[in-house]
Amino acid sequence: MSSDAMAGKVVLVTGATSGIGESTARGLAAIGATVVVVGRSEERSQAASERIQQAGGTGKVHPLVADLASQGDVRALARDFVDRFDRLDVLVNNAGVDVGTRSVTPEGLELTFAVNYLAPFLLTTLLLDVLRASAPSRILNVASAAHRAGRIDFDDLQSERRFGQRAYNNSKLALVVFTYELARRLQGSGVAANCVDPGFVKTSLGSTMPLGYRLVGMLMWPFMAGPEKGARTSIWAASNPELAQVTGAYFKAERQAETTPQTNDRATAERLWQVSEALVAGTTSP
């Protein structure tokens, strides 16, 4: 792909200060995109932006700050972005957590569910106007094969009864269900909504998990891909001109892949959307 393939395009990447997110931002800046790097602190966002800019390429890099565990920060991020940029060609909801102990956000929501699912839901819906105005544009939600082991339990969305790895699995399933429903709602708008699965990648995700989980991760480490390889599908899905009209898809290893039947349950998707609107104060319906 040429060094200016994304020239004139503006891309926002959350969780872009390390791992897959930083590699995604660097890869898109290398082919000309103006990349907005979102991190939890000004120091981390600025440092990552400088690393990406120094790596070369024709694109420009701009840092923004938001802790996606806070809905207030997500709303402020959307406002800051719209104040500074007049278009958004690609939104990459990359940020994610996998924690070992149940904790809650400032809004009282379980952290994993809030960051991995509700933050993308809120940020995406807040930015839909600028995405529509920039069409053809793309929304990429970074999912995981873990969604296959997930279950959307409307009686325990906050994992108050049971926690553990199921909280991560469930959050990634919710993200896939949301993406497919979003694609249906955006049909004809010129805004494509898809999932990207980076595969089994070496990142800091899960570093706060219990010792047993971390030991398993250490054993698997030699067989896991690096962040650069994990970012390839995101970069491809963001920049490939042949995918401009593809929506409601799940991409893995730079090709479309199938997901479980539960990801296409319309009743579940519609109920999840309604519940999500209520959890973010019901102000973001597209």
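For the structure, see preceding data.
Residues numbered from 1 in each chain as written. Predicted model: local features only at pLDDT ≥ 70, side-chain atom pairs only at ≥ 80, totals over all residues. Heavy atoms only, no water.

Student: Please explain the side chain of Ser134 as it appears in this structure.
Tutor: Within the secondary structure layout, Ser134 lies in the loop between α5 (128-133) and β5 (137-142). Judged by relative accessible area, which is 3%, Ser134 ranks as buried. Not counting residues within four places of it along the chain, the set of residues in contact with Ser134 comprises Arg87, Leu88 and Asp89. (Helix = DSSP H or I, 4+ residues; strand = E, 2+ residues; numbered from the N terminus. Buried < 20%, exposed > 50% of the residue type's maximum accessible area, 1.4 Å probe, protein only. Contact = heavy atoms within 4.5 Å.)

Student: What am I meant to see in the sheet that holds β5 here?
Tutor: Strands pair in a sheet through their backbones, by hydrogen bonds, and they do so in one of two ways: parallel or antiparallel. The eight strands are arranged β3-β2-β1-β4-β5-β6-β7-β8 in an open sheet whose pairing can be described as mixed. Two strands lie at the open edges of the sheet, namely β3 (61-65) and β8 (255-257), each paired on one side alone. Recorded for the sheet is a direction-independent mean angle of 25° between the axes of neighbouring strands. Inspection of the sheet shows strand β1 (residues 10-13) paired to strand β4 (residues 90-93) by three bridges, in the parallel sense. When the sheet's bridge partners are listed, Val13 is paired in β4 with Val92. Each of β1, β2 (34-39) and β3 touches helix α1 (residues 19-30); the most contacted strand, β2, lies at about 165° to it. (Pairing = 2+ DSSP bridges. Axes fitted to C-alpha atoms, helices over the stretch in contact; angles between N-to-C directions.)

Student: Hey, could you run me through the nonpolar core in this one?
Tutor: Generally speaking, soluble globular proteins have nonpolar side chains that are buried together. Formed by 46 residues in total, the largest nonpolar core has its most connected members in Leu12, Phe81 and Leu127. For this core, the elements supplying multiple residues, two or more each, are β1, β2, α3 (71-84), α4 (111-126), α5, α6 (165-185), β6 (191-197) and α9 (266-279). Among the elements that make up this core, the one with the highest residue count is α4 (eight residues). Setting aside residues no more than four positions away along its own chain, Phe81 makes contact with Val10, Leu12, Val36, Leu64, Arg87, Leu88, Leu127 and Val130. Listed in part, the 28 residues of the second largest apolar core include Ala25, Val37, Val92 and Ala249. (Core = buried A, V, L, I, M, F, W, Y, C linked by side-chain atoms within 4.5 Å.)

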